[in-house]
Structure formats: structure tokens, C-alpha cells
Amino acid sequence: MKDTLKHRGMRNKLADILVEKGIVDQKVLEAIRTIPRHLFMDSSFEGHAYQDKAFPIAADQTISQPYTVAFQTELLQLEPDQKILEIGTGSGYQTAVLLRLKTKVYTIERQLELFKKTTIFFKKMGYRPKKFIFGDGYKGLPEEAPFDGIVVTAGAPRVPKALMAQLKIGGRLVIPVGTNEQVMTLFIRKSEKEFEKKEFGSFRFVPLLEDKN
Ligand code: SAH
């Protein structure tokens, strides 16, 4: 598959739809206009890649809806060179958005099939996260903490304590919390012990799975 002018045109339209839905961050919109989402998906979905919808990827997972990716990224309020941890790499689309915003990205995926597939894809595309780790996102990445931002791209039945602990003071954790449906939740770390919590609308994600061992 290639990236063509036609794809670019569809991306511009998609960005316009996201503006209508309330996305205002120009850097996020620029990323949506630039990143070839169709290449992150199975070729059979190519014709649908620029609809504002989630689609199946490997291992029964999904590539998040563009609006959701834009909304979560906007909540992070990213600045270049910030250290960002992503839980749930999946197709790598959200990772590519974070990289486009010139942040240093650490990303974790727990499905081996997806981890292998996306590793090859990142190489092919020249996307370079600082680290791409096969493991359990509930634990975060203590050896690289603290982070300016943490984004969880799967529905979390509870907020992992480890992720709260790995935020810088002033850092932001964006996490969809809930089982069947999730409330998009933003935590801003105010001090060692205090977090400000803000809740946004409801979303639907595949579950953040916990290893029971
Ligand atoms: N950002 C991705 C979203 C993929 S769906 C994209 O847009 O393509 C969520 C991903 O989280 C899935 O790939 C799933 O395997 C992964 N996941 C679920 N539980 C996890 C955990 N405990 N640690 C790391 N990744 C997890």
C-alpha cells in the first residue's frame, strides 16, 4: 500500500470532522492530516481508514477512533522533548501521533502478536519510539520514570497505582476508566501526594488486561 494524494485529501476531511467535534489543538490536527492511518490497518479496511471509527487489528484488538486519539492527545498538552509513556501500543497509530508532536515516547504492548507486527511496522516506517516494550502496562516503566505524560489506550477497570507514581509533578495521566464503558479521566499531579482529577465524556475501549500472576 502507498500513501497518495487521495489519502491526503481524505485525511484533511477527517481533520475537519474532528474540528467539528471539538478538537482545537492545531498540532494534533496537523498530525492527523499527516499520518497515513490506512497503513496501520489491514489492507481490507483501507477504504475505511479515514472514517472516524475504530477498526479491528490483530489479536482481537482495535485501532482507536481518530477522535479518541485526538482527544486523548489534546488532554496531554504535549511540549516537544517531553517524556511520554503509552500503555497499549496496538497498531502504533497513537504512538505515531505522539512522535509527530516531537515527544520522547515509551510504549508498552502485552499481546505478543501485535508487539511483533508493530515492531516490524515501526522499522519499515521509520517511527522511532525511545523504547517499545513487550510487557504489562499496569506496572508502567519504573526504570524510565518520571514521565511528563502517560496515556492509556485501553479501558482500565481501575487506575493503576504504579502509573500515578510514575508521573512528574505537573505531569498528566490520561486514562479511560471503567469496564463496559469508560469515563475519560485526567489526573494532574500537583505534588508528591496530591492529584487533581477531571472527568470527560464516555468512551468505549478494549479492556486493559491484568496478568493474574
Ligand atoms: N493505541 C492503539 C490502541 C490499541 S487497543 C491503537 O490505536 O492502535 C489497546 C491495546 O492495549 C491493545 O493492543 C491491547 O493488547 C493493549 N493492552 C491491553 N492490556 C494491556 C496491558 N496490561 N499492558 C499493555 N498493553 C495492553
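Computed from a predicted structure; not experimentally measured.

Engineer: Can you walk me through the UniProt feature "active site" (unreviewed entry) in the protein in this structure?
Structural biologist: Following the UniProt record, the feature "active site" (unreviewed entry) maps to Ser-64 here. Within the element layout of this structure, Ser-64 appears in the loop between β2 (62-63) and α3 (66-76). Accessibility expressed as a relative area gives 17% for Ser-64, which makes it buried.

Engineer: Which parts of the structure should I look at to understand unusual backbone geometry?
Structural biologist: Note: most residues except glycine have negative phi, and most peptide bonds are trans. Going from Ala-145 to Pro-146, the amide bond is cis rather than trans, its omega being 5 degrees. Relative to the elements of secondary structure, Pro-146 occurs in the loop between β5 (131-134) and β6 (147-152). A positive phi angle is found at Asp-60, which is not glycine, with a value near 60 degrees. Following the sequence through the fold, Asp-60 ends up in the loop between β1 (55-56) and β2.

Engineer: Would you mind showing me how to read the pattern of salt bridges here?
Structural biologist: Side chains bearing opposite charge may pair, as long as their charged atoms lie close to each other. One pass over the structure, following the stated rule, counts 13 salt bridges. In this structure, the salt-bridge partner of Arg-100 is Glu-30, at a minimum N-O distance of 2.7 Å. Of the two residues, Arg-100 sits in helix α4 (residues 93-100) while Glu-30 sits in helix α2 (residues 26-34), which places them 70 residues apart along the sequence. Take Arg-100: its relative accessible area is 39%, and that puts it in the partly exposed class.

Engineer: Could you clarify how one ought to interpret helix α5 (residues 112-125) in this entry?
Structural biologist: At 3.6 residues per turn, the α-helix brings residues three or four places apart onto the same side. The first and last C-alpha atoms of α5 sit 20 Å apart over 14 residues, in line with the 20 Å expected at 1.5 Å per residue. The elements touched by buried residues of α5 are α4, β4 (104-109) and β5. Following α5 by one or two positions, Gly-126 adopts a phi angle in the positive range, close to 75 degrees.

What counts and how
Residues numbered from 1 in each chain as written. Predicted model: local features only at pLDDT ≥ 70, side-chain atom pairs only at ≥ 80, totals over all residues. Heavy atoms only, no water. UniProt positions renumbered as here; feature names shortened; annotations may be inferred. Helix = DSSP H or I, 4+ residues; strand = E, 2+ residues; numbered from the N terminus. Buried < 20%, exposed > 50% of the residue type's maximum accessible area, 1.4 Å probe, protein only. Salt bridge = Lys/Arg side-chain N within 4 Å of Asp/Glu carboxyl O. Expected span 1.5 Å × (residues − 1). Contact = heavy atoms within 4.5 Å.

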